[in-house]
Amino acid sequence: MNIGYSATVNFAIISLTVNCDFDLEELITSCSGLLCSAAARALKDRNRAYEAELESIMGR
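Residues numbered from 1 in each chain as written. Predicted model: local features only at pLDDT ≥ 70, side-chain atom pairs only at ≥ 80, totals over all residues. Heavy atoms only, no water.

Trainee: Can you help me understand the overall build of the protein in this one?
Mentor: Helix and strand counts for the protein stand at 2 helices and 2 strands. Moving toward the C terminus, one meets the helices and strands of the protein in the order β-β-α-α. The C-alpha radius of gyration computed for the protein amounts to 18 Å, which surpasses the reference 10 Å derived for 60 residues by more than 25%, pointing to a less compact arrangement than a globule. Projected onto its principal axes, the C-alpha coordinates of the protein cover approximately 60 × 30 × 10 Å. Long-range contacts, defined here as pairs at least 24 residues apart, represent 8% of the contacts in the protein between residues at least 6 apart. Roughly 5200 Å² of accessible area belongs to the protein as shown, and the carbon and sulfur atoms make up 59% of that amount. (Helix = DSSP H or I, 4+ residues; strand = E, 2+ residues; numbered from the N terminus. Rg over C-alpha atoms; globule rule 2.2 N^0.38 Å. Contact = heavy atoms within 4.5 Å. Areas by Shrake-Rupley, 256 points an atom, 1.4 Å probe, with all protein chains shown as cover.)

Trainee: What am I meant to see in the pairing of strand 1 (residues 2-10) here?
Mentor: Put simply, side chains in a regular strand alternate between the two faces of the sheet. The pairing of strand 1 with strand 2 (residues 15-23) spans 9 bridges and is antiparallel. Residue pairing for strand 2: Asn-2 is matched across the bridge by Asp-23. Here strand 1 folds back onto strand 2, and the loop between the two strands holds 4 residues. (Pairing = 2+ DSSP bridges.)

Trainee: Can you help me understand the environment of Leu-27 in this one?
Mentor: Here Leu-27 lies in helix 1 (residues 24-30). The spacing of Leu-27 and Lys-44 is 17 residues in sequence and 13 Å in space, taken between C-alpha atoms.

Trainee: I tried to follow a nonpolar patch on the surface on my own but got confused; where do I start?
Mentor: A cluster of nonpolar side chains, Ile-3, Tyr-5, Val-9, Phe-11, Ile-13, Ile-14, Leu-16, Val-18, Phe-22 and Leu-27, forms an exposed patch at the surface whose accessible area comes to about 980 Å². When contributions to the nonpolar patch are tallied by element, the ones reaching two or more residues are strand 1 and strand 2. With respect to the helices, strands and loops of the structure, Ile-3 is situated in strand 1. (Patch = residues over 30% accessible without salt bridge, like charges linked within 9 Å, V, L, I, M, F, W, Y side chains within 5 Å. Salt bridge = Lys/Arg side-chain N within 4 Å of Asp/Glu carboxyl O.)

The following block contains the structure:
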């Protein structure tokens, strides 16, 4: 779940560009705030439901 972004800031004669990417799932599951905890639970439940659906399709 990598997210990439690019930001550019232009001044009169100077331009600064930053490119970066981060793993959204790792970010959500590693933070400890209340909102992050709820998001991490939802993300893990979504992954479990997705895996169960795949196993059902594959006949396991």
